[in-house]
Amino acid sequence: MSSSSVTPAPRPFTLSDFDFELPPELIAQHPAAERSGSRLLDGSLPTVVDRIFHELPSLLNAGDLLVFNDTKVIKARIFGEKASGGKLELLIERVLPGHQVVAHMKVSKKPLPGGKMFMMGGARNGGFDAVLLGRWPDENGQLFHLQLSDEPHALMEKHGVVPLPPYIERPSGAITHTDSEEDAQRYQTVFARAPGAVAAPTAALHFDEALLAQLEARGVQRASVTLHVGAGTFQPVKTENIADHTMHREWYEVPAATQQAIADCKARGGQVVAVGTTTVRTLESWAKFGQASGDTQIFITPGFDFKVVDRLVTNFHLPKSTLMMLVSAFAGYEHIMGFYRHAIAHQYRFFSYGDAMLLTRTPPR
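Here we summarise the structure given alongside this text.

### Let's talk about the packing of helix 6 (residues 277-289) against helix 7 (residues 322-331)
And then number 1: It is the contact of helix 6 with helix 7, at a shortest axis distance of 11 Å, that shows an interaxial angle of 70°. In terms of their interaxial angle, helix 6 and helix 7 are classed as roughly perpendicular. Where helix 6 crosses over helix 7, the two elements pack in a sense that is left-handed. Of helix 7, the residues touching helix 6 (which contributes Thr277, Val280 and Arg281) are Leu323, Leu326 and Val327.

### Quick look at the sheet that holds strand 6 (residues 87-96)
And then number 1: Taken together, the six strands give a closed barrel; going around it, the order is 5-6-7-10-9-8, and neighbouring strands pair in antiparallel fashion. Averaged over all neighbouring strand pairs, the angle between strand axes comes to 45°, with direction disregarded.
And then number 2: For strand 6 and strand 7 (residues 100-107), the ladder comprises eight bridges, and the chain directions are antiparallel. Opposite valine 95, over in strand 7, you have valine 101 as the bridge partner.
And then number 3: Strands in contact with helix 2 (residues 152-159) are strand 5 (77-82), strand 6, strand 7, strand 9 (128-136) and strand 10 (143-148); relative to strand 6, the strand with the most contacts, it is inclined by about 140°.

### So, the pairing of strand 12 (residues 221-227)
And then number 1: Alignment of strand 3 (residues 65-69) against strand 12, held across five bridges, turns out to be parallel. Its bridge partner being in strand 12, asparagine 69 is matched across the sheet by valine 225.
And then number 2: Both strand 12 and strand 13 (residues 250-253) contribute to a ladder of two bridges, which runs antiparallel. Across the sheet, the residue bridging to threonine 226 is glutamate 253, located in strand 13.

### Details of helix 6
And then number 1: Taking 1.5 Å per residue as the helical rise, helix 6 with its 13 residues ought to reach 18 Å, and the 18 Å between its terminal C-alpha atoms agrees with that figure.
And then number 2: Among the 13 residues in helix 6, ten count as buried, and that is most of the element.
And then number 3: Taken together, the buried positions of helix 6 are Thr277, Thr278, Thr279, Val280, Arg281, Thr282, Leu283, Glu284, Ser285 and Trp286.
And then number 4: Note on helix 6: the residue one or two positions beyond its end, glycine 290, has a positive phi of about 75°.

### Digging into the packing of helix 7 against helix 8 (residues 333-345)
And then number 1: Relative orientation of the contacting elements helix 7 and helix 8 amounts to 120°, with a least axis distance of 6 Å. The angle between helix 7 and helix 8 places the two elements in the oblique class. Facing Met324, Val327, Ser328 and Ala331 of helix 7, the residues of helix 8 in contact are Tyr333, His335, Ile336, Met337 and Tyr340.
And then number 2: The residue inventory of the contact of helix 7 with helix 8, partitioned by class, reads seven nonpolar, two polar and no charged.

### Quick look at the pattern of salt bridges
And then number 1: Scanning the entire structure with this criterion turns up 13 salt bridges.
And then number 2: Ionic pairing is found between lysine 87 and glutamate 81, a salt bridge with its closest N-O pair at 3.4 Å.
And then number 3: With relative accessibility at 56%, the residue lysine 87 sits in the exposed group.
And then number 4: Judged by relative accessible area, glutamate 81 falls into the partly exposed class, the value being 29%.
And then number 5: When the shortest N-O distance is used, the salt bridge between arginine 94 and aspartate 295 registers 3.1 Å. Of this pair, arginine 94 sits in strand 6 while aspartate 295 sits in strand 15 (residues 293-296), and the two are 201 residues apart along the sequence.
And then number 6: Look at arginine 94 and you get buried, because its relative accessible area is 19%.
And then number 7: The class of aspartate 295 is partly exposed, set by a relative accessible area of 32%.

Rules used throughout
- Residues numbered from 1 in each chain as written.
- Predicted model: local features only at pLDDT ≥ 70, side-chain atom pairs only at ≥ 80, totals over all residues.
- Heavy atoms only, no water.
- Axes fitted to C-alpha atoms, helices over the stretch in contact; angles between N-to-C directions.
- Helix = DSSP H or I, 4+ residues; strand = E, 2+ residues; numbered from the N terminus.
- Parallel < 35°, antiparallel > 145°, perpendicular 65-115°, else oblique.
- Left-handed = near helix turned anticlockwise from the far one by under 90°.
- Contact = heavy atoms within 4.5 Å.
- Pairing = 2+ DSSP bridges.
- Expected span 1.5 Å × (residues − 1).
- Buried < 20%, exposed > 50% of the residue type's maximum accessible area, 1.4 Å probe, protein only.
- Nonpolar A, V, L, I, M, F, W, Y, C, P; charged D, E, K, R; others polar.
- Salt bridge = Lys/Arg side-chain N within 4 Å of Asp/Glu carboxyl O.

Have a look at this one:
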């Protein structure tokens, strides 16, 4: 074999490669007036085109398949206090059998296993109690394993608040904190079905019923997966060698009907269009590991061999995040950094309530 026919290995990337300066005023604090009224950076052509999100149907073809994440954001943030009176905050990440949960805990001094917490006043005062069982998934885990005094989903619906990302600022007053109606409605997709996420699959927030109807009329098919987005999605990578980063764990499912829809789409020559990075992680986990459901810690970085997804609708992501690495792997690092420079120069709105872009997969070099 001649040396000219050997595919060169992708250049090594470090954490610094995925950093960029973002003016704080470009971080969207509220959603656009209309879901499909956000801007859309069309990165599927040689030259960037600035569009409005409701133009998306014209950029897809009959026979293409849009795959959405149908997870539903739960009111997972709940306030309370320890027996000593110290204030604390729980962010419930996962519901387990037997009224047990896994949660992040924000408190000045962590209670010991067996310690009791009184959430929203405790069970005696109209709230509920929680007992710390230990760390999760093991004794060194960053999350906490708790026993609640009643059914977790019902408790969250009654006492919890929408867990907005840390970069969205709202007035916060511990136990008196209440959701705004806007956040309760708009930090949720119109097709949310399966409760379990503590963060929205934000690319899907741009879709409203009218846009979905237009896509259907154009002959674009729809399918769903579920990935319960965890709070780890907001954690920046801290190791300069990105291979040293440990991904957070999230539960996913690819239903049999969606597996069939993807096979049919590929057979007819259509393109699989993932709506959001969570959908990409779900589909590529299924393809890579052969499991239709379970936990995934898949870490997609430049050089990754995509098996399922052809195009991607996604929002703009945090510097130094695993999601910056994923989109760079998908569309090419230089392309992505160019798109971000364009977006900043043209005042696009960033992160969860921000604008979106449409990307086409670039073969790894």
